[in-house]
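An overview of the molecular structure
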Amino acid sequence: MQKDYAYSNVVFSMIVGSVLGFASYVYNLFGYTIPSFFSVYLKEIGAAIIMMAVFVFAIAWLMKAKPHRRPQRYLVKVFDVCGLETRIDGIRTEFKTHDVAWSFMKEYKKSYPFFNFALVSDLPNSEKMTIFRYL
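From a predicted model like this one, the values you see are computed outputs, not experimental measurements. Counting restarts for each chain, with residues numbered from 1 along the sequence as it is written. pLDDT decides what is reported in this predicted model: residues at 70 or higher carry local features, side-chain atom pairs at 80 or more are listed and counted, and totals for whole chains, interfaces and linings draw on all residues regardless. To obtain the side-chain values, all non-hydrogen atoms of the structure were used and water was disregarded.

1. Some words on the nonpolar core
For this analysis, a nonpolar core means a set of buried residues of the types Ala, Val, Leu, Ile, Met, Phe, Trp, Tyr and Cys, connected via side-chain atoms within 4.5 Å. Only protein chains enter the accessibility calculation, which uses a 1.4 Å probe; a residue whose area is less than 20% of its type maximum is buried, one above 50% is exposed, and one in between is partly exposed. Tyr74, Val76, Val78, Ile88, Ile91, Phe95, Ala101, Trp102, Met105, Tyr108, Phe117 and Leu119 together form the largest nonpolar core, which totals twelve residues. Secondary structure follows DSSP: runs of H or I at least 4 residues long count as helices, runs of E at least 2 residues long count as strands, and numbering of each begins at the N terminus. When residues of this core are traced back to their parent elements, those giving at least two are β1 (74-79), α2 (98-111) and β4 (116-121). In terms of residues, this core owes the most to one element, α2, which gives four residues. If we ignore the near neighbours within four places in the chain, the residues touching Tyr74 are Thr93, Glu94, Phe95, Lys96, Thr97, His98, Ala101, Leu119, Val120, Ser121 and Phe132. Contacts are residue-level and defined by heavy atoms, with any inter-residue pair within 4.5 Å sufficient.

2. Things to note about the packing of aromatic side chains
We call Phe, Tyr and Trp rings a pair once their centres come within 6.5 Å, taking the six-membered ring for Trp, and we label the pair stacked below 30 degrees between planes, edge-to-face above 60, and tilted otherwise. Throughout the structure, instances matching the rule amount to nine aromatic pairs. Seen in terms of ring centroids, Tyr74 and Phe132 are 5.7 Å apart; in terms of plane orientation they differ by 65°. Their pairing is edge-to-face. Taken together, the residues span a long stretch of sequence, with Tyr74 in strand β1 and Phe132 in strand β5 (residues 130-134) at a distance of 58 residues. Residue class for Phe132 comes out partly exposed when judged on its relative accessible area of 35%. Members of the aromatic cluster, connected to one another through ring pairs, are Phe95, Phe104, Tyr108 and Phe117. Here, a charge over a ring is recorded when the distance from Lys NZ or Arg CZ to the ring centre is within 6 Å and its angle to the ring normal is within 35 degrees. Lying over the aromatic face of Phe104, Arg92 brings its terminal NZ or CZ to 5.4 Å of the ring centre. In this structure, Arg133 is placed above the aromatic ring of Trp102, and the distance from its NZ or CZ to the ring centre is 4.3 Å.

3. Some details on the side chain of Ser121
With respect to the helices and strands, Ser121 occurs in strand β4. Looking at Ser121, the relative accessible area reads 1%, which means it is buried. Any pair of N or O atoms that falls within 3.5 Å is considered a polar contact. Within protein, one atom must be able to donate a hydrogen and the other to accept it, and sequence-neighbouring residues count only if both atoms are side-chain atoms. Within the structure, the side chain of Ser121 is placed 2.9 Å from the backbone oxygen of Arg73, a separation counted as a polar contact. When residues no more than four places from it in sequence are discounted, the contact partners of Ser121 are Pro71, Arg73, Tyr74, Met129, Thr130 and Phe132.

4. Thoughts on the pattern of salt bridges
Salt bridges are identified by distance alone: a Lys or Arg side-chain nitrogen within 4 Å of an Asp or Glu carboxyl oxygen. Under the criterion given, the structure shown has three salt bridges. A salt bridge links Glu94 to Arg73, with the nearest nitrogen and oxygen atoms 3.4 Å apart. With Glu94 in strand β3 (residues 94-95) and Arg73 in the loop between α1 (2-64) and β1, this pair connects stretches of sequence that are 21 residues apart. Residue Glu94 is classed as partly exposed on the basis of its relative accessible area, which comes to 44%. For Lys110, the salt bridge is made with Glu107, and the minimal N-O distance between the two is 3.9 Å. On the criterion of helical spacing, the pair formed by Lys110 and Glu107 is a turn pair, its members being three residues apart in helix α2. We classify Glu107 as partly exposed; its relative accessible area is 42%.

Dropping the structure here:
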């Protein structure tokens, strides 16, 4: 009886010891060994993916961004109450910059409240004049 108990105790201890030893081995393998082996490569792969993404976005931005060709001259068109284009003597209608033309348009609107004014320009790829502002 005593012999049976000692034998089963030894067998049980060997089984538990082998399970714990195997579990420890698997834990070290998957917890430390494999991650440390691949972490160097994964860091490099992550850095490479980030750099590729930066280059892709940079190239996409360069392809999309086109240099803007600003018009060389801006015109102020005058419209009467009926909406017909007309001409007022003594006012300047041709300008080189957008800001100056806009400033003159605001002053013209104060001086001639019954007229409407449009800031237009001829863009390179357009068949018609393009209206930028309308008062």
